Amino acid sequence: MKIIDVIIKSFFYISRGKSIKHLYRTIIAANILFSFNVCSLLSFTIGPRLTTMDILYNDKITVIVVCGVVWCSLLLFLEREYLNKAGYSRILNMYVPKIVSVLIVIVHYVLSVFLFVQSLHYLPRP
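Residues numbered from 1 in each chain as written. Predicted model: local features only at pLDDT ≥ 70, side-chain atom pairs only at ≥ 80, totals over all residues. Heavy atoms only, no water.

Novice: Which residues make up the overall build of the chain, and what are the values?
Specialist: When you go through the chain residue by residue, the secondary structure sums to 5 helices and 0 strands. Each helix and strand of the chain, placed in order from N terminus to C terminus, yields the pattern α-α-α-α-α. Looking at the chain as a whole, 30% of its 126 residues qualify as buried. Counting contacts in the chain only where the partners sit at least 6 residues apart, residues at least 24 apart contribute 83% of the total. Per element, the accessible surface of the chain, about 8,300 Å² overall, is 72% carbon and sulfur. (Helix = DSSP H or I, 4+ residues; strand = E, 2+ residues; numbered from the N terminus. Buried < 20%, exposed > 50% of the residue type's maximum accessible area, 1.4 Å probe, protein only. Contact = heavy atoms within 4.5 Å. Areas by Shrake-Rupley, 256 points an atom, 1.4 Å probe, with all protein chains shown as cover.)

Below, the structure is given as structure tokens:
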């Protein structure tokens, strides 16, 4: 959990947060990128198997439902972990240098979007 704590603290620093409302916004922003990462992992692992089984993966509703379930479950996990008194105080008391925070946010954003776009190539074409 330490890596996720550092990422949440970095996003919290970028949002210049002081209250729990800023922490909630931070969690939503980080959840979008974490969801990109999970969907990328699913595409990397499941995509080649779908092509070998000759199953077409062009059902957009299925993709939307799977991504929605991933998004909601990650959001519930992050809310349960950080939107309580212990999680909030842990994030406020954690020290991460400012330049490292900015670099973490930029690198995490760029890599998440890049890996998500690259992972779409592993899904079978209709």
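Novice: Tell me about the environment of Val 69, residues and numbers included.
Specialist: Residue position: Val 69 is located in helix α3 (residues 60-82). Spatially, the C-alpha atoms of Val 69 and Ser 35 are 9.8 Å apart, while their sequence positions differ by 34 residues.

Novice: Give me the lowdown on the pattern of salt bridges, citing residues and values where you can.
Specialist: For the coordinates displayed, the defined rule picks out 2 salt bridges. Of the charged contacts in the structure, one is a salt bridge between Asp 5 and Arg 90, with a shortest N-O distance of 3.4 Å. Here Arg 90 lies in helix α4 (residues 85-93) and Asp 5 lies in helix α1 (residues 2-14), a separation of 85 residues in the sequence. The class of Asp 5 is buried, set by a relative accessible area of 5%. The salt bridge involving Arg 90 is made with Glu 81; its shortest N-O contact spans 3.2 Å. One continuous salt-bridge network, built from bridges that share partners, spans Asp 5, Glu 81 and Arg 90. (Salt bridge = Lys/Arg side-chain N within 4 Å of Asp/Glu carboxyl O.)

Novice: Mind laying out the nonpolar core, listing which residues take part and the relevant values?
Specialist: Within the largest apolar cluster, 17 residues are counted, with the highest numbers of intra-cluster contacts made by Ile 8, Phe 11, Leu 23, Ile 27, Phe 34, Tyr 82 and Ile 91. Contributions of two or more residues to this core are made by α1, α2 (20-52), α3 and α4. Beyond its immediate chain neighbours, meaning those up to four positions away, Phe 11 contacts Thr 26, Ala 30, Leu 33, Val 105 and His 108. (Core = buried A, V, L, I, M, F, W, Y, C linked by side-chain atoms within 4.5 Å.)

Novice: Just give me the short version of helix α5 (residues 98-119), but keep the residues and values in it.
Specialist: Since the α-helix advances by 3.6 residues per turn, residues separated by three or four positions end up pointing in the same direction. Relative to the 32 Å expected for 22 residues at 1.5 Å per residue, α5 spans 31 Å between its end C-alpha atoms, a close match to the ideal helical length. Taken together, the buried positions of α5 are occupied by Ser 101, Val 105, His 108, Ser 112 and Ser 119. End-on view of α5: buried residues confined to an arc of 100 degrees, all on one side of the axis. (Expected span 1.5 Å × (residues − 1). Arc of directions from axis to C-beta.)

Novice: Pulling in residues and values, what's your account of the environment of Ser 19?
Specialist: Mapping Ser 19 onto the fold places it in the loop between α1 and α2. The exposure class of Ser 19 is partly exposed, given its relative accessible area of 29%. In sequence terms Ser 19 and Leu 92 are 73 residues apart; their C-alpha atoms lie 9.5 Å from each other. Those residues within four positions of Ser 19 in sequence are excluded, and the remaining contacts are Phe 12 and Tyr 88.

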